[in-house]
Amino acid sequence: MINAFRAEWVPLLRRRFLLGTLGAVFACSVLGTVLTFLSVGHTDFDGDPVTAAWLSEPGGLVQGAQAVSILLGVVALSVVAAALAGDHGHGMLRNQLIAQPHRARLLAGKLLALAVFVGLVVAVATVVSAALAFPLAPVKGVSTAAWHSGAGLAALGTGFVNLYLGSLGYAAVGALAAIVLRGPASAIAVGIAYALPVEMLVSRIYHPARAWLPMQLMQEIATGGAAFATPYADALLRGCLYAAVMVAVALVYFRRRDVTS
Amino acid sequence: MISASPAGPARSRVEPTRRAAAHRPTPGPRRVAGSARSDAAIWTRGLTRSHGTRRAVDQLDLQVPRGALSGFVGPNGAGKSTTLRMLLGLIRPSAGRGYVLGQPISRPDRYLHQVGAMIEGPTFHPGLSGRRNLDQLAILRGLGTHGGGGRSRRRRRVAEVLDQVGLGDRGDDRFSAYSLGMKQRLGIAAALLPRPSLLILDEPTNGLDPAGIREIRTLLGQLAANGMTVFVSSHLLTEVEQICDHLVMINNGRMLFQGHVTDLLAAEDPRIHLVPEHGDDARRLATMINNVGLPVELDLRLDIPDAAGPSTHQPVVTVHGPEGLAADLNRMAMGAGIALRSLRTHRPNLEETFLRVTGEIDGDLVRAEALPRVPDGSVAPAGVGLDPAHSRGGAT
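Remember, it's a predicted structure, so these values are computed and weren't measured experimentally. Chains are numbered independently. Their residues run from 1 in the order of the written sequence. Ligands are numbered from 1 and chains lettered from A, in the order in which they are written. Only residues with pLDDT of at least 70 get local features here, since the model is predicted, and only at 80 or more are side-chain atom pairs given and counted; chain-wide, interface and lining totals rely on the full set of residues.

Enquirer: Now, about the interface of chain B and chain A: what can you tell me, with residues and values included?
Expert: It is the C-beta atoms, placed from the backbone, that decide contacts: two residues are in contact if theirs lie within 7 Å. Taken residue by residue, the interface counts 28 residues in chain B and 25 residues in chain A. Put simply, DSSP H or I for four residues or longer makes a helix, DSSP E for two residues or longer makes a strand, and each gets a number counted from the N terminus. Elements with a contribution of two residues or more to the side of chain B that touches chain A: strand 7 (115-118) and helix 4 (130-140) of chain B. The element contributing the most residues to the side of chain B that touches chain A is helix 4 of chain B, with 6 residues. Gly falls in the polar group here, along with every residue not listed as nonpolar (Ala, Val, Leu, Ile, Met, Phe, Trp, Tyr, Cys, Pro) or charged (Asp, Glu, Lys, Arg). Residue composition of the side of chain B that touches chain A, by class: 15 nonpolar, 7 polar and 6 charged.

Here's what the structure looks like:
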């Protein structure tokens, strides 16, 4: 598995892909942070008021990154789907399976590498958002004192972990779509279509579904339990279960399926 | 020289389907089968792969000896790639069993570390250089992870195989910028990475220029000479004939022949083509030769296959017999007052044999006794009396 993990980094670290992905994340993070601070005195996307006092709390430092948690999730989904389905689509999987015939080990190594890569993406988003928050804070009268405290650093760490876990949930959807559909474009399209419009429509029509739909739960996890009424612990448990089931189904598909042209 | 399959009877002549069944090895005692399995680089019995009701591979009994340079030929859709995929663990057989390097194909992890393969064309990451693509596969295979100097050993091996296929100078170019021939070379380089005992290549010379084909031919010969088993599928039958000492020929998923290339060609009947100076003499000549007991055919097409020079527009009398008869036939014709415009001996090559055996060309010649008569008693013009499939030109 460790060989598969190391091998997966070769395409992930190619310059164009890396710069493109991190550039997109950088842009998302800047957008989220600027909009969050510009929203002081107004309401956010969900209609909740955004105040300087709220942003001055220890957790205020990661609010910018959390505002774009959906976009980070979409990036994670797209990266994972493109990487896994690209192996199928370009026919590289044949070479890889000849080099590593243990399919479970191969997929596990790939998923592990992709999970670390998603962590890198979320870390960049968090760092960019936090760095931008400091110069933006005085503009809207937000105090940064609590951000420097131990509680502030803890909130920053917790925020990063939540964003990471939520993004991994999106990544699991991308992995499943890639293994089942085997084409990058279709995997990304179907994955995003399900994660965004389908679940949003269902949850808006039938509100209790928010507590059970996978992507809604991932959103709950990413924002640290601030999005919906579902308790964070419940959302985390259900979200982890969903992710585990998605990865397990992908693994079964991957092991049993014929690899043809 | 590689010996023919020990599990099968000696081959004489080959014909599609009907004779294929006769060439299937007789199941021997378990002890013999076990021995054959371990002696052979590839050994299958009843290997079958079905897609719904259609059988892509049908009861295939393969036996590729260790150390052989074996050609795997068959028309498009014959089941070659499906067979190779099963041997490489990419798809599962519907029935039958198989062993590669003595290990069951149901456990590819036991033998693929000794196998290098390029199947269905070279497929690599388009955004990575050739070198980085090979690097990824080398890491995946764990090359350089045991012992010291892992990374440098791995890079050295990648550089070696790039040089081996003539890509040393272009290794750092993106794969997407490679020509088809260069991609093909990279595919072969990837297959060579693990220093395999068995090399399986699917159409390795696709897209290569003549010089490239020659280089690959030489390379495969060298690899086989060093003890590597090379199993290569190809449509370039001239190449297969030149480089392979062992041959597996399939059609519609079924075995047509396996064994020595020389055995196959020796089993083909040699022919002598006689072209009378006057077309009117052709029938008389054919009848005369037939009367002495030699099988003879009269070809009404307008030219001798592969004849050098301009078209002669003459019927050809084809006698099935050894080259030694040529002088006798010449004397016989002269004795009957028939001047011959040309007399040429011909032994079918692999391409002709392949086309005949696979049914691509199966009856361009017409038996002398079945010749259609034309009112003036002369030889019928080309194509008369033949169905459309037979009236087309081409090799016999």
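Enquirer: Quick rundown of the nonpolar core? Include the residues and the values.
Expert: Counting 159 residues, the largest nonpolar core has A:Val80, A:Ala175 and B:Ile200 as its most contacted members. Counting residues per element, this core draws most heavily on helix 9 (residues 150-181) of chain A, at 14 residues. A domain split of this core shows at least three residues from each of domain 1 (34-266) and domain 2 (269-384) of chain B. Contact partners of A:Ala175, with chain neighbours within four places excluded, come to A:Val80, A:Leu84, A:Leu111, A:Met246, A:Val247 and A:Ala250. Joining buried Ala, Val, Leu, Ile, Met, Phe, Trp, Tyr and Cys residues through C-beta atoms within 7 Å gives a set, and that set is a nonpolar core. Put simply, a residue is buried when 20 or more other C-beta atoms lie within 10 Å of its own C-beta and exposed when 12 or fewer do; between those, it is partly exposed, and each C-beta is set from the backbone. Each domain's extent is set by a domain assignment, obtained either automatically or from a database.

Enquirer: Outline the sheet that holds strand 7 of chain B, listing residues and values.
Expert: All names here are of chain B. Strand order in the open sheet formed by 6 strands is 7-8-9-4-10-11, and the pairing between neighbours is mixed. Two strands in the sheet have a free side with no partner beyond their single neighbour: strand 7 and strand 11 (254-260). Neighbour-to-neighbour, the strand axes of this sheet turn through a mean angle of 10°, independent of strand direction. For two strands to pair, DSSP has to find at least two bridges joining them. Pairing of strand 10 (residues 246-251) with strand 11 involves 6 bridges; the strand directions are antiparallel. Opposite histidine 246, over in strand 11, you have histidine 260 as the bridge partner. As a rule, the C-alpha atoms of each element are fitted with a line to give its axis, helices using only the stretch in contact, and angles between N-to-C directions run from 0 to 180 degrees.

Enquirer: With reference to specific residues and values, describe helix 5 (residues 150-164) of chain B.
Expert: Working note: α-helix, 3.6 residues per turn, so residues spaced by three or four point in the same direction. All names here are of chain B. Multiplying 1.5 Å by the helix residue count minus one yields the expected span of that helix. Relative to the 21 Å expected for 15 residues at 1.5 Å per residue, helix 5 spans 21 Å between its end C-alpha atoms, a close match to the ideal helical length. Tucked into the core, helix 5 has its buried residues touching helix 4 and helix 6 (180-192). Positive phi appears at glycine 166, one or two residues downstream of helix 5, with a value of about 80°.

Enquirer: Go over the packing of helix 4 of chain B against helix 6 of chain B, please, and point to the residues and values.
Expert: Residue and element names in this part refer to chain B. Between helix 4 and helix 6, the shortest axis-to-axis distance is 10 Å and the interhelical angle comes to 25°. With respect to each other, helix 4 and helix 6 are oriented roughly parallel. Relative to helix 6, the crossing made by helix 4 is right-handed. When helix 4 is examined against helix 6, the residues Gly130, Asn133, Leu134 and Leu137 are found in contact with a partner set consisting of Leu186, Ala189 and Ala190. For the contact of helix 4 with helix 6, the class distribution of residues is 5 nonpolar, 2 polar and no charged. Convention used here: angles under 35 degrees read as roughly parallel, angles over 145 as roughly antiparallel, angles from 65 to 115 as roughly perpendicular, and any remaining angle as oblique. Crossing handedness follows the turn of the near helix against the far one: under a right angle anticlockwise gives a left-handed crossing, and clockwise gives a right-handed one.

Enquirer: If you had to explain the confidence of the model for chain B to someone new, which residues and values would you point to?
Expert: Residue and element names in this part refer to chain B. Confidence along chain B averages 75 in pLDDT terms, with 76% of residues attaining 70 or more. Predicted confidence is poor over residues 361-396, with pLDDT under 50, and the contacts of this stretch with residues over four places away or in other chains come to 54 contacts. Scoring of the predicted complex yields 0.77 for pTM and 0.85 for ipTM. Residue-level confidence of the predictor is what pLDDT reports, using numbers from 0 through 100.

Enquirer: Please provide a residue-by-residue account of the pairing of strand 1 (residues 40-51) of chain B, values included.
Expert: All names here are of chain B. Strand direction decides the pairing type here: strand 1 and strand 3 (residues 63-65), joined by 3 bridges, are antiparallel. Its bridge partner being in strand 3, tryptophan 43 is matched across the sheet by glutamine 63. The pairing of strand 1 with strand 5 (residues 95-100) spans 5 bridges and is classified as antiparallel. Residue pairing across strands places tryptophan 43 opposite tyrosine 99, the latter belonging to strand 5. Counting the residues between successive antiparallel strands, the hairpin from strand 1 to strand 2 (residues 54-60) contains 2 residues, one of them, glycine 52, with a positive phi of roughly 65°.

Enquirer: Give me the lowdown on the environment of B:Gln136, citing residues and values where you can.
Expert: Note that B:Gln136 resides in helix 4. Setting aside its immediate chain neighbours within four residues, B:Gln136 contacts A:Ala7, A:Val10 and A:Pro11.

Enquirer: Lay out the domain arrangement of chain B in plain terms, naming residues and giving numbers.
Expert: Residue and element names in this part refer to chain B. Taken domain by domain, chain B consists of domain 1 (34-266) and domain 2 (269-384). With 14 residues of domain 1 in contact, the opposing surface of domain 2 contributes 8 residues. Breaking the side of domain 1 that touches domain 2 down by element, the ones donating at least two residues are helix 8 (237-243), strand 10, strand 11 and helix 9 (261-267). Broken down by element, the side of domain 1 that touches domain 2 gets its largest block of residues, 4 residues, from helix 8. Taken together, the residues that form the side of domain 1 that touches domain 2 break down as 10 nonpolar, 3 polar and 1 charged.

Enquirer: Residue-level account of the pairing of strand 13 (residues 296-299) of chain B, with values.
Expert: All names here are of chain B. Side-chain alternation along strand 13 places Val296 and Leu298 on one buried face and Glu297 and Asp299 on a second face that is also buried. When strand 13 meets strand 14 (residues 316-320), the two strands line up antiparallel, connected through 4 bridges. Each bridged residue has a counterpart across the sheet, and for aspartate 299 the counterpart in strand 14 is valine 316.

Enquirer: Just give me the short version of the packing of helix 4 of chain B against helix 5 of chain B, but keep the residues and values in it.
Expert: Residues and elements named next belong to chain B. In contact at an axis separation of 10 Å, helix 4 and helix 5 are set at 125° when each is read in the N-to-C sense. On the basis of their axis angle, the class for helix 4 and helix 5 is oblique. By crossing handedness, the relation of helix 4 to helix 5 is classed as right-handed. Along the contact surface, helix 4 presents Gly130, Arg131, Leu134, Asp135 and Ala138, while helix 5 presents Arg154, Arg157, Val158, Val161 and Leu162. Class assignment of the residues belonging to the contact of helix 4 with helix 5 gives a composition of 5 nonpolar, 1 polar and 4 charged.

Enquirer: Tell me about the environment of A:Leu153, and please be specific about residues and values.
Expert: Residue and element names in this part refer to chain A. One can find leucine 153 in helix 9. Under the C-beta neighbour-count criterion, leucine 153 is labelled partly exposed, with 13 such atoms within 10 Å. For the pair formed by leucine 153 and tyrosine 170, sequence separation is 17 residues and the distance between their alpha carbons is 26 Å.

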